[in-house]
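Listed here are the chains, written in short residue letters.
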Amino acid sequence: QVQLVESGGGRVQAGDSLRLSCTVSGSTFSEYASAWFRQLPGKEREFVAAINWSGSYDDVDMDLKGRFSISRDNAKNTMYLQMNSLKPEDTATYYCAVRRLNYVTRMLDRYDYWGQGTQVTVSL
């Protein structure tokens, strides 16, 4: 049984940085591509960033690129989302996900396993 657990969310001030973590258990993490999505209040879940199994390729939403970055450590079965210069509009529930393929995709329904989400709140 593959399980994902996010951590690192919380309340921060605008301009602060935050690093989210997602630990994967129940399978070999190195076999999977992984991604971060977020759901803003009152909106549908949206793509944030993705990375392939080896970490050799990543994809970040254009509106977030430059502030957000994705990485992974297969030895620790963990993926990360580094968020810098946070804005109030970044307030959302952030989810990590993996799929049983190496290839990166922005399509939500292509991911096989999801975490429970972690809340990020950015205040002025």
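In case you missed it, the structure is sitting above this.
Keep in mind it's a predicted model, so treat the numbers as computed, not measured. (Residues numbered from 1 in each chain as written. Predicted model: local features only at pLDDT ≥ 70, side-chain atom pairs only at ≥ 80, totals over all residues. Heavy atoms only, no water.)

Relative to the elements of secondary structure, Ser21 occurs in strand β3 (residues 18–25). Overall, Ser21 belongs to the buried group, its relative accessible area being 18%. Look past the residues within four positions of Ser21 in its chain and what remains in contact with it is Val5, Glu6, Ser7, Trp36, Thr78, Met79 and Tyr80. (Helix = DSSP H or I, 4+ residues; strand = E, 2+ residues; numbered from the N terminus. Buried < 20%, exposed > 50% of the residue type's maximum accessible area, 1.4 Å probe, protein only. Contact = heavy atoms within 4.5 Å.)

The next subject is the state of the cysteines. One pass over the structure, following the stated rule, counts 1 disulfide. Note on cysteine connectivity: Cys22 is disulfide-linked to Cys96, with sulfurs 2.0 Å apart. The disulfide joining Cys22 to Cys96 has a torsion of about 60° about its S-S bond and is therefore right-handed. Residue Cys22 is located in strand β3, and its partner Cys96 is located in strand β9 (residues 92–99); the two are separated by 74 residues in the primary sequence. With relative accessibility at 0%, the residue Cys22 sits in the buried group. (Disulfide = S-S within 2.5 Å.)

This part takes up the sheet that holds strand β8 (residues 78–83). With respect to topology, 4 strands assemble into an open sheet ordered β1-β3-β8-β7, the strand pairing being antiparallel. Because the sheet does not close on itself, it has two edges, and the strands there are β1 (3–7) and β7 (68–73). In this sheet, adjacent strand axes meet at a mean angle of 15° when their direction is disregarded. Bridging between β3 and β8 involves 6 bridges; their strand directions are antiparallel. Each residue of the ladder has a partner; that of Leu20, found in β8, is Leu81. (Pairing = 2+ DSSP bridges. Axes fitted to C-alpha atoms, helices over the stretch in contact; angles between N-to-C directions.)

What follows deals with the packing of aromatic side chains. Inspection of every chain in the model, using the stated rule, returns 4 aromatic pairs. On the basis of an interplanar angle of 80° and a centroid distance of 5.7 Å, the ring pair of Phe37 and Phe47 is categorised as edge-to-face. Of this pair, Phe37 sits in strand β4 (residues 33–39) while Phe47 sits in strand β5 (residues 45–51); the two residues are 10 residues apart in sequence, bridging distant segments of the chain. Using a relative accessible area of 1% as the deciding quantity, one classes Phe37 as buried. When the centroid spacing of 5.0 Å and the interplanar angle of 50° are considered together, the rings of Phe37 and Trp114 count as tilted. Here Phe37 is found in strand β4, whereas its partner Trp114 is found in strand β10 (residues 113–114), with 77 residues between them in sequence. (Phe/Tyr/Trp six-rings, centres within 6.5 Å; stacked < 30°, edge-to-face > 60°.)

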